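Residue-level listing of the chains:
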Amino acid sequence: MESKYRTHMIGQLTSKNVGSSIRLAGWVASRRDHGGLIFIDLRDKTGIVQLTFNPKLHADTWKIAETLRDEYVISVSGTVKMRPADMANEKIGELGKIEIEVETITIESIAAALPFAIGDETVSEDIRLQYRFLELRTDRMQNMLTRRDSFIGRVRDFMHAHDFTEVQTPILANSSPEGARDFLVPSRLHPGTF
């Protein structure tokens, strides 16, 4: 899926891409400064990969990397490199064996300081519901949304293959704080009321 922001989705990358020049876009998942080198974990909906910023190679991009915080949206271009074997991250499979040596960076969107770290399970449910848009970015919620979408898609495909017509009907429920629309539905039993 090539666009002006990316040549690859992160999950498409493998060690076969080593030596290739690529462009990626996504959210800053974390930033680590190791006294000279800066490492950023970049996340999109397909995976997470490590970006490397070296001031000796690209001082201008390193200066920008110093200013990044979690959940900034960035696009980068660089070269895919193998990580040293003793620094590979086995938890993320093939993506843990490679890194991107960043040559250029663009900040697409900045993020205010977060009220809690994405994925922090110690945060109370009230706070997570208040900031639902952040909670929806966690791996757990992304997996549930993806599975639900897949299930509903299969049900729809089955029904359409058997000539059913889907009819949308309003569902009456309590409103949610996430900004869902509320609908007024006329009552059949009490004319003139909703």
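Just so it is clear, the structure is predicted and the values come from calculations on it, not from any experiment.

Criteria and thresholds
- Residues numbered from 1 in each chain as written.
- Predicted model: local features only at pLDDT ≥ 70, side-chain atom pairs only at ≥ 80, totals over all residues.
- Heavy atoms only, no water.
- Helix = DSSP H or I, 4+ residues; strand = E, 2+ residues; numbered from the N terminus.
- Buried < 20%, exposed > 50% of the residue type's maximum accessible area, 1.4 Å probe, protein only.
- Contact = heavy atoms within 4.5 Å.
- Areas by Shrake-Rupley, 256 points an atom, 1.4 Å probe, with all protein chains shown as cover.
- Lys, Arg positive; Asp, Glu negative; His and termini not counted.
- Charge placed at Lys NZ, Arg CZ, Asp CG, Glu CD.

Help me understand the overall build of the protein chain in this model?
When you go through the protein chain residue by residue, the secondary structure sums to four helices and five strands. Reading the helices (α) and strands (β) of the protein chain from amino to carboxyl end gives β-β-β-α-β-β-α-α-α. Each principal axis of the C-alpha atoms in the protein chain carries an extent, and together these give about 75 × 40 × 30 Å. Expressed as a percentage of the 194 residues in the protein chain, the buried residues total 27%. Contacts in the protein chain between residues far apart in sequence, at least 24 positions, make up 55% of those at least 6 positions apart. Counting only carbon and sulfur atoms, one obtains 54% of the accessible surface of the protein chain, whose full area is about 13300 Å². For the protein chain, the distance from the average site of its 25 positive side-chain charges to the average site of its 27 negative ones is 2 Å.

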